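Each chain, letter by letter, is given below.
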Protein chains: 2
Amino acid sequence: MSDFAALWAEIAEIGRASSGGYLRYALTPPELTLRDWFRGQAQRRGMTVTEDGNGNLFAWCDEPWAPGTVLTGSHFDSVPHGGGYDGPLGIVSAFLAVDRLPERRKIAIGAFVEEEGGRFGVPCLGSRLLTGMITPEKAAALTDRDGVTFGEALGSLPTGKSAPIENLAAFVELHIEQGRALEVPVGVGSAIWPHGRWRMEFTGTGDHAGTTRMTDRRDPMLTFAHTVLSANQEARLTGAHATVGRVEAEPNATNAIPSLVRGWLDARAVDTATLDRLLESVLKRANERAGVDGTELSVVAESVTAEVAFDTELARRLSVLLGDAPILPTGAGHDAGVLSAHLPTAMLFVRNPTGVSHAPAESASDEDCAAGVEALATVLESLT
Amino acid sequence: MSDFAALWAEIAEIGRASSGGYLRYALTPPELTLRDWFRGQAQRRGMTVTEDGNGNLFAWCDEPWAPGTVLTGSHFDSVPHGGGYDGPLGIVSAFLAVDRLPERRKIAIGAFVEEEGGRFGVPCLGSRLLTGMITPEKAAALTDRDGVTFGEALGSLPTGKSAPIENLAAFVELHIEQGRALEVPVGVGSAIWPHGRWRMEFTGTGDHAGTTRMTDRRDPMLTFAHTVLSANQEARLTGAHATVGRVEAEPNATNAIPSLVRGWLDARAVDTATLDRLLESVLKRANERAGVDGTELSVVAESVTAEVAFDTELARRLSVLLGDAPILPTGAGHDAGVLSAHLPTAMLFVRNPTGVSHAPAESASDEDCAAGVEALATVLESLT
């Protein structure tokens, strides 16, 4: 068994659901178990572990926050029933890459909290706190579906931008590729599409499904359904991505017209102008349909992330270093995207043969993962 | 304060949610509290209380199941955040009507369990068990959203058709009217539209919302949304009622294309042929769209109830007795509809000024409710 396969097996069953996917929400028991595993791996390698007061964990080969340190790593948390590679692959690979270096270097491994936003609704929450892109107060007040706040889950008010991140020389995040864009084992990231999530609340009048005449209805499920289809059409027209993957109806009873339907729009596009145009078109059509249905629509932007271009020189250098590895953009958000506004940042992608991510079918071969470890080790050695 | 207002106030806060609506699911604490209240009311009037082994409660002025007994009553359970009148009005009115009779008659008051199907999915479950229209085994195995079975909630296997219902001379259910069909305080029911509920499961491929190309998607939310709009259009075209009020997505994450969307179709029409035609059209269009989306659709009929015509002679007689009260059909299912296949059955409707039902805005004036009590007393006196 390769050292990758052996180390991977240690965490493969943690938080695994009967679906085959993972339930590893931030700061819940499976993710806490993974954090303990992280501490154990660091200790085994003589690395110092620190926590930044925001829920982010770091393991240091040298002094914590020593100037010139290169940070690698990723996140443990998953979307509901997500795949096992999205996040953990970058952390497992980081430990194995450190093992390959001939001597101790100024290298650190990070495990960022709540990257997916699967529990508290704001993706990259840990890296946003670390870089001051969200205030501790706002982050602390975010609630999960059970009404637990991030502050309560963390056990304290986050400390926010308290660490000297300017001491980091670079951040390199290794991640499973999430489309079908990579035909060799490893690629280098160029950019992240601008993206955002918008909560749309469609309000109508709750009523009896059996007795209310069709013409008397103000049924928000109709406006919601029309908006789902509009978003899909507009995304295809503009070459963007739009998804409504989460929905809640109230009272959600078979024999009652809903009084409220909540739908979340996830939209991404190649540039901000395209994304803005997409959102404008979708909301315009939604409001027109609301007029027809006698319903009302309110929209809250839960998070909007501008386009990220990773350090172009660094990407070119890593591509050459890795034997002309392909350079490719991604539609997915990452902590690397948040950190890229503050320090030189790069991503390495490992091939995903199914192209599936955020679902149990997400996968990567052990051979490709091992190639990812070698590539990361090469990069870390070159940068330190 | 009228005796109606006083008695109504005793139960008005039981199971009331902050929405103003009620959470009175069958055999949960609020409904169990109402059942205790029922026993107390019966005791106060010297009525014998029996339970039929299916969860249905009866209070008897005379010997239980004495031949010639006229049964009245309704149900306590609500849809989620439903109004307070749908069900309980018929039980409260029954006790007050009994109070108005000059001497003891062969009259019984029933409180049927799980009329709404709001907890276990099959409406009129209590009356279906009592009349043998569902087997005890099938009923016992029905589960609520937490996986609790009806058998577990009841504490035993239901006894099914164990009571001599042929001894009942008639059943008269008083109920709030649920549309805007009544312009006087009290009307008489003629028929219940045939109706049913179908669970539609749309299956696709879960995937990452950010990275999956629009053309690579098999997104079941699209097929669901299209079907919601089709059902609405087809219902309008056929003069029927169709509603999708309940939806569940998996994994229900903002940044994941769903692998599965479940939607429940509630459909009702003036006759069975129209209902069948409606369902056929909706499912044909849903399957066509599934072909476009690359998704799959499976449909389970959770309950289908044929058209019910109440006893025509009895309805005419009651209308005359109540001063030519209007005779009207309803799109809503009722225990009276189930019992009508087994004994002479009638319904009295009390005016609903908002026309809203299954929602907090459902209401009836105290004056109209008092008129309902008088009408029910007149009817019970005439029938016994």
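Note that the coordinates shown come from a computational prediction; the quantities given were computed from them, not determined experimentally.

> Pulling in residues and values, what's your account of the interface of chain B and chain A?
Tallying the contact residues gives 60 residues for chain B and 60 residues for chain A. Roughly 5,200 Å² of surface becomes buried between chain B and chain A when both sides are summed, with 57% attributable to carbon and sulfur atoms. Taken as a group, Met214, Asn252 and Thr254 of chain B account for 14% of the area that chain B buries against chain A, more than any other trio of residues on that side. At the surface where chain B touches chain A, the tally comes to two salt bridges. Linking Asp216 of chain B and Arg180 of chain A is a salt bridge whose minimum nitrogen-to-oxygen distance equals 3.6 Å. The interface formed by chain B and chain A contains 26 residue pairs in polar contact (both at pLDDT 80 or more). Within the residue set of the side of chain B that touches chain A, elements represented by two or more residues are β8 (207–208), α7 (220–238), β9 (241–250), β10 (256–257) and β11 (260–268) of chain B. Grouping the amino acids of the side of chain B that touches chain A by side-chain chemistry returns 25 nonpolar, 22 polar and 13 charged.

> Give a detailed account of the nonpolar core, specifying residues and quantitative values.
Counting residues in each nonpolar core, the largest one holds 56 residues, and the members touching the most others are Phe224 and Leu265 of chain A together with Phe224 and Leu265 of chain B. Sequence-distant contacts of Leu265 of chain A, that is, excluding residues within four places in its chain, are made with Gly196, Arg197, Trp198, Met200, Ala231, Ala242, Thr243, Val244, Leu279 and Val282 of chain A.

> If you had to explain the sheet that holds strand β11 (residues 260–268) of chain A to someone new, which residues and values would you point to?
Whenever strands of a sheet pair, they do so through backbone hydrogen bonds, lying parallel or antiparallel. Residue and element names in this part refer to chain A. The four strands are arranged β9-β11-β7-β12 in an open sheet whose pairing can be described as antiparallel. Where the open sheet ends on each side, the last strands, each with one partner, are β9 (241–250) and β12 (296–305). On average, adjacent strands in this sheet sit at an angle of 15° to one another, irrespective of strand direction. Here strand β7 (residues 195–203) runs beside β11; their pairing, made up of nine bridges, is antiparallel. Paired with Met200 across the strands is Gly263, a residue of β11. Of the strands in this sheet, β7, β9 and β11 touch helix α7 (residues 220–238), which is tilted by about 170° from β9.

> Tell me about the packing of aromatic side chains, residues and numbers included.
Taken as a whole and judged by the stated rule, the model has 26 aromatic pairs over all chains. On the basis of an interplanar angle of 40° and a centroid distance of 5.8 Å, the ring pair of Phe58 of chain A and Trp60 of chain A is categorised as tilted. Comparing Phe58 of chain A with Trp60 of chain A shows no difference in burial state: the two are buried. Plain terms: the ring middles of Phe112 of chain B and Phe171 of chain B are 5.8 Å apart, the flat faces sit at 80° to each other, and that makes the pair edge-to-face. Highlighted residues: Phe112 of chain B in strand β4 (residues 107–112) and Phe171 of chain B in strand β5 (residues 168–176), separated in sequence by 59 residues. Taking the relative accessible area as the measure of exposure, Phe171 of chain B reaches 0% and is therefore buried. Ring-pair connections join several aromatic residues into one group, and the members of that group are Phe58, Trp60, Trp65, Phe112 and Phe171 of chain A. A cation over an aromatic ring shows up here: Arg246 of chain A above the ring of Trp264 of chain A, its NZ or CZ 3.9 Å from the ring centre.

> Just give me the short version of the packing of helix α2 (residues 29–44) of chain A against helix α3 (residues 88–100) of chain A, but keep the residues and values in it.
All names here are of chain A. Here α2 crosses α3 at 10°, and the two axes come no closer than 11 Å. As far as their axial angle goes, α3 and α2 are roughly parallel. Between α2 and α3, the residues in contact are Trp37, Phe38, Gln41 and Ala42 and Ile91, Val92 and Phe95, respectively. Taken together, the residues of the contact of α2 with α3 sort by class into six nonpolar, one polar and no charged.

> Outline α2 of chain A, supporting the account with residue identities and numerical values.
All names here are of chain A. The end-to-end C-alpha separation of α2 is 23 Å, in line with the 22 Å expected for 16 residues at 1.5 Å each. Every buried residue of α2 is listed here: Pro30, Glu31, Leu34, Arg35, Trp37, Phe38, Gln41 and Ala42. Relative to the axis of α2, the buried residues are bounded by an arc of 160° and lie together on one face. Those residues of α2 that are exposed and aimed more than 90 degrees away from the buried face are Pro29, Gln43 and Arg44. Contacts made by the buried residues of α2 are with α1 (3–11), β1 (48–51), β2 (57–60), α3 and β4 (107–112). Looking at the residues trailing α2, positive phi occurs at Gly46, about 70°.

> Just give me the short version of the environment of Pro67 of chain B, but keep the residues and values in it.
Structurally, the position occupied by Pro67 of chain B is in the loop between β2 (57–60) and β3 (69–75). Note: C-alpha distance between Pro67 of chain B and Asn167 of chain B (100 residues apart in sequence) is 4.3 Å.

> Please provide a residue-by-residue account of the UniProt feature "binding site: Zn(2+) 1" (unreviewed entry) in chain A, values included.
Residue and element names in this part refer to chain A. The UniProt record marks His75, Asp86 and His175 with the feature "binding site: Zn(2+) 1" (unreviewed entry), using the residue numbering of this structure. In summary, the annotated positions, though distributed over 101 residues, converge in three dimensions, the widest C-alpha pair being only 9.7 Å. With residues up to four places along the chain from it excluded, the contact list for Asp86 reads His75, Asp77, Glu116, His175, Ile176, Gln178, Ser357, His358 and Glu362. One polar contact links Asp86 to Gln178, side chain to side chain, over a distance of 3.1 Å. Residue placement: His175 occurs in strand β5 (residues 168–176). Within polar-contact distance, the side chain of His175 engages the side chain of Asp86 at 2.7 Å.

> An account of the relation of the copies chain B and chain A is needed here, citing residue identities and associated values.
Mapping chain B onto chain A calls for a screw motion: a turn of 180° about the axis and a shift of 0.0 Å along it, with 0.0 Å RMSD after fitting. On this basis, the relationship between the two copies can be described by a two-fold rotation axis. Nearest to the rotation axis, the C-alpha of Ala225 of chain B is located 2.1 Å from it, this being the minimum over chain B.

> Now, about the environment of Leu125 of chain B: what can you tell me, with residues and values included?
All names here are of chain B. Summarising the element assignment, Leu125 is placed in helix α4 (residues 125–130). On a C-alpha basis, the gap between Leu125 and His175 in space is 18 Å, while along the polypeptide they are 50 residues apart. The contact partners of Leu125, leaving out residues within four places of it in the chain, are Val113, Glu114, Ile134, Ala139, Leu142 and Phe150.

> Residues and numbers for the UniProt feature "binding site: Zn(2+) 2" (unreviewed entry) in chain A, please.
Those places that UniProt annotates as "binding site: Zn(2+) 2" (unreviewed entry) correspond, in this numbering, to Asp86, Glu116 and His358 of chain A. Their sequence span is 273 residues, while the largest C-alpha to C-alpha distance among them is just 9.8 Å; these annotated residues converge on one region. Here, the second largest pocket is lined by Glu116 of chain A out of the annotated residues. Mapped onto the fold, Asp86 of chain A is located in the loop between β3 (69–75) and α3. Residue placement: Glu116 of chain A occurs in the loop between β4 and α4 (125–130). Contacts of Glu116 of chain A, omitting those with residues within four sequence positions, involve His75, Asp77, Ser78, Val79, Asp86, Pro123, Arg197 and His358 of chain A together with Asn255 of chain B.

Rules and cut-offs
Residues numbered from 1 in each chain as written. Chains lettered and ligands numbered in written order. Predicted model: local features only at pLDDT ≥ 70, side-chain atom pairs only at ≥ 80, totals over all residues. Heavy atoms only, no water. Contact = heavy atoms within 4.5 Å. Buried area = accessible area lost by both parts, 1.4 Å probe. Salt bridge = Lys/Arg side-chain N within 4 Å of Asp/Glu carboxyl O. Polar contact = N/O pair within 3.5 Å; in protein donor to acceptor, adjacent residues only side chain to side chain. Helix = DSSP H or I, 4+ residues; strand = E, 2+ residues; numbered from the N terminus. Nonpolar A, V, L, I, M, F, W, Y, C, P; charged D, E, K, R; others polar. Core = buried A, V, L, I, M, F, W, Y, C linked by side-chain atoms within 4.5 Å. Buried < 20%, exposed > 50% of the residue type's maximum accessible area, 1.4 Å probe, protein only. Pairing = 2+ DSSP bridges. Axes fitted to C-alpha atoms, helices over the stretch in contact; angles between N-to-C directions. Phe/Tyr/Trp six-rings, centres within 6.5 Å; stacked < 30°, edge-to-face > 60°. Lys NZ or Arg CZ within 6 Å of the ring centre and 35° of its normal. Parallel < 35°, antiparallel > 145°, perpendicular 65-115°, else oblique. Expected span 1.5 Å × (residues − 1). Arc of directions from axis to C-beta. UniProt positions renumbered as here; feature names shortened; annotations may be inferred. Least-squares fit on C-alpha atoms with pLDDT ≥ 70 in both. 1 Å grid on protein atoms, 1.4 Å probe; cavity = no way out; pocket = protein on both sides within 12 Å on 5 of 7 lines; lining within 4 Å.

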